[in-house]
Amino acid sequence: MITLTERQSLILKAIVRDYTEGGNPVGSKSLVQELPIKVSSATIRNEMARLEDLGLIVKTHLSSGRIPSIKGYRYYVDHILKPERVDGKDLKVIQHSLGGEFHKIDEIVAQSADILSQLTSYTTFTLRPELKDSRLSGFRLVPLGNHQVMAILVTNNGDVENQTFTIPSDITGDDLEPVVRFIDDQLVGLPLQDVLRQLTHEIPLKLAQYLQDPDGFLDIFGSVLSKAASERFYVGGKLNLFNYTDQQSPKELQSLYSLLDQTDRLANVIGPPGQRIQVRIGNEITNDLLKNYSLITATYDVDQHGQGVIALLGPTAMPYSRMIGLMGAFQRELARKLLDYYRYFDE
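Residues numbered from 1 in each chain as written. Predicted model: local features only at pLDDT ≥ 70, side-chain atom pairs only at ≥ 80, totals over all residues. Heavy atoms only, no water.

The name given to the protein chain in an unreviewed UniProt entry is Heat-inducible transcription repressor HrcA, with Lactiplantibacillus argentoratensis as the source organism. Turning to the protein chain, the UniProt annotation filed under Sequence similarities (unreviewed entry) states: "Belongs to the HrcA family." Database annotation for the protein chain, UniProt heading Function (unreviewed entry): "Negative regulator of class I heat shock genes (grpE-dnaK-dnaJ and groELS operons). Prevents heat-shock induction of these operons." (UniProt positions renumbered as here; feature names shortened; annotations may be inferred.)

This is the structure:
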C-alpha cells in the first residue's frame, strides 16, 4: 500500500487540480507559487520524481511537466479528495428544475438526467427506484376504432403506462370487457412482479373461460405490464461523451454511442444500487469501451419505495471534488422530490 508524506500529498493534489482545470502538464515552477507550504523548486522536483516512481504521475512527451496517472487519480480520490461544497447557484438550478409539476415518476427521473448533464457537461444516467413494491391498481382497454385499442395500466404510485394495439377482427370490445373485469377483480392490488409470474401459468388458464384464444389479449396485457415493471435508465447529454474521445476510432465511437441505448449493457456497467457514492476510473469500469473514462455513481433512497441510481460518465481528468459534491447534493434533492411524489399517492 502506498503511503505519501503530507508534502507529497499536497503536490499530488495540486497536480490533479491544475491538470483537471487547465488540461496542461504541471511543472515544478508553477507548484512553487501554489503550494500552501514554502518549498524550493528543486525539492518539488525531487518529490515529483518520487511520485513518478510510485506510478502516481507520468511525464508527457510534450513538456517537462507531469500529469496524473490512473493510479494517481485513484489515490487522490481514495485518500486526498474532499467533496466540494455545492454553491448556491447550482443548488438553485437543481431545486428549480425539480420543482415543477410532474405526472409520472419517469418524468422526474428523466428530467434529472438532463439537469445533471447540463450542470456537469458530461453524460449522465438515472435509474428509477426499484419496482419491487409497485402494485397494479387499474387496467383499462379504450377502443379507438378500426380494430385498435389503447391498453392503459396504472400502478399504486401513480405511474401510468399505455400502448396502442390492433386486435383481431373477430374480437370486439364487448368480448374483452369480461377479461378487464377479471383483471380488476383478481389482479388489482398485487405486486407487478407477482402478476408477471402469473402471466405464464394461472392467468392464461383462467382467461380461457372468457376468450376462445386468449393469446392475443395476453400479448397486449403482457407487453404493457412488462413495460411498467421494467428497469429503466434515462440518459442525459449523450453527445457530451464525444468531447473526450480524441484517441478513439470511428468504429469505437459508433460502438460507444450504441452502448448508451442498450439498457442491459448499461445496467452491467453502472451496477446495482450501493450504499454510497462510488468512483470507478479507467479499467475499473466493466466495459473496455470506457477504459478512458471515469464513472461516478450514487444511490438515492426513497424509503420503502426502494433505491435508484444516478451516474456521471466523463473523462478521467475530471474535477472529482466538484463532481462528487454535485452528485451528493443531487442525490439528496432527487430523493426529497420523489418522496414528496410518493406521499401524494399514499394519502
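This part is about the overall build of the protein chain. Along its length, the protein chain carries 13 helices and 10 strands. For 347 residues, the compact-globule estimate of 2.2 N^0.38 gives 20 Å, and the C-alpha radius of gyration of the protein chain, at 26 Å, exceeds that figure by more than 25%. Split into buried and exposed, the 347 residues of the protein chain put 49% on the buried side. Relative to all contacts within the protein chain whose residues are 6 or more apart in sequence, the contacts with residues 24 or more apart total 61%. Across the protein chain, 36 positive and 43 negative side-chain charges occur, with their mean positions spaced 12 Å apart. (Helix = DSSP H or I, 4+ residues; strand = E, 2+ residues; numbered from the N terminus. Rg over C-alpha atoms; globule rule 2.2 N^0.38 Å. Buried < 20%, exposed > 50% of the residue type's maximum accessible area, 1.4 Å probe, protein only. Contact = heavy atoms within 4.5 Å. Lys, Arg positive; Asp, Glu negative; His and termini not counted. Charge placed at Lys NZ, Arg CZ, Asp CG, Glu CD.)

Attention now goes to the nonpolar core. Judged by nonpolar contacts, the single largest core of 58 residues is most densely connected at Leu12, Ile296 and Tyr320. Contributing elements (two or more residues each) for this core: helix 1 (6-22), helix 3 (41-53), helix 4 (70-80), helix 6 (105-120), strand 8 (278-281), strand 9 (293-301), strand 10 (307-315) and helix 13 (320-346). Residues within four places of Leu12 in sequence aside, it is in contact with Leu4, Leu51, Leu56, Ile57, Gly72, Tyr75 and Ile80. Counting 29 residues, the second-largest nonpolar core is a separate cluster that includes Phe165, Val179, Val180 and Val195. (Core = buried A, V, L, I, M, F, W, Y, C linked by side-chain atoms within 4.5 Å.)

Summarising the element assignment, Glu161 is placed in strand 6 (residues 160-166). Those residues in contact with Glu161 that sit more than four places away from it in its chain are Lys104, Asp106, Ala151, Ile152, Leu153, Val224, Lys227, Ala228 and Arg232.

Let's shift gears to the pairing of strand 5 (residues 148-155). Looking along a regular strand, one sees the side chains alternate between the two faces of the sheet. Burial of the side chains of strand 5 is restricted to one face: Val149, Ala151, Leu153 and Thr155 are buried, whereas none of Gln148, Met150, Ile152 and Val154 on the reverse face is. For strand 4 (residues 136-145) and strand 5, the ladder comprises 8 bridges, and the chain directions are antiparallel. Considered in strand 5, the bridge of Arg140 is made with Ile152. Between strand 4 and strand 5, which pair antiparallel and follow one another directly, the connecting turn spans 2 residues, one of which, Asn146, has a positive phi of 55°. (Pairing = 2+ DSSP bridges.)

Here the focus is the sheet that holds strand 6. If you walk across this open sheet you meet the 3 strands as 4-5-6, and the pairing is antiparallel. Because the sheet does not close on itself, it has two edges, and the strands there are strand 4 and strand 6. Strand-to-strand twist of the sheet, defined as the mean angle between neighbouring strand axes without regard to direction, takes the value 15°. Bridging between strand 5 and strand 6 involves 7 bridges; their strand directions are antiparallel. Residue Leu153 lies in a different strand from strand 6, and its bridge partner there is Glu161. (Axes fitted to C-alpha atoms, helices over the stretch in contact; angles between N-to-C directions.)

Turning next to the packing of helix 1 against helix 4. Relative orientation of the contacting elements helix 1 and helix 4 amounts to 115°, with a least axis distance of 10 Å. The way helix 1 lies across helix 4 gives a crossing that is left-handed. Contacts from Ser9, Leu12, Lys13, Val16, Tyr19 and Thr20 of helix 1 reach helix 4 at Gly72, Tyr73, Tyr75, Tyr76 and Ile80. Here the contact of helix 1 with helix 4 is composed, by residue class, of 7 nonpolar, 3 polar and 1 charged. (Left-handed = near helix turned anticlockwise from the far one by under 90°. Nonpolar A, V, L, I, M, F, W, Y, C, P; charged D, E, K, R; others polar.)

Spatially, 7-3-10-9-8 is the arrangement adopted by the 5 strands of the open sheet, whose pairing is antiparallel. If you trace the sheet from one side to the other, it starts and ends with strand 7 (233-236) and strand 8, each paired once. When the angles between neighbouring strand axes are averaged without regard to direction, this sheet yields 15°. Packing of helix 12 (residues 263-270) onto the sheet brings it into contact with strand 3 (123-127), strand 7, strand 8, strand 9 and strand 10, and relative to strand 7 it is tilted by some 85°.

Before going further, it helps to examine the environment of Pro272. Inspection of the secondary structure puts Pro272 in the loop between helix 12 and strand 8. Taking C-alpha positions, Pro272 is 8.5 Å from Gly308, a pair spaced 36 residues apart along the chain.

In this structure the tally under the stated criterion is 12 salt bridges. Residue Arg7 is joined to Glu47 by a salt bridge in which the shortest nitrogen-to-oxygen separation is 2.8 Å. In this pair, Arg7 is assigned in helix 1 and Glu47 in helix 3, connecting sequence segments 40 residues apart. Given a relative accessible area of 10%, Glu47 falls into the buried group. For Glu284, the salt bridge goes to Arg74, with nearest N and O atoms at 2.6 Å. (Salt bridge = Lys/Arg side-chain N within 4 Å of Asp/Glu carboxyl O.)

This part takes up a negative patch on the surface. A cluster of acidic residues, Asp170, Asp174, Asp175, Glu177, Asp213, Asp215 and Asp219, forms a negative patch at the surface. Every element with two or more residues in the negative patch is listed here: helix 7 (173-186) and helix 10 (215-229). Considering every element that reaches the negative patch, the biggest residue donor is helix 7, with 3 residues. With respect to the helices and strands, the residue Asp170 is situated in the loop between strand 6 and helix 7. (Patch = residues over 30% accessible without salt bridge, like charges linked within 9 Å, V, L, I, M, F, W, Y side chains within 5 Å. Areas by Shrake-Rupley, 256 points an atom, 1.4 Å probe, with all protein chains shown as cover.)

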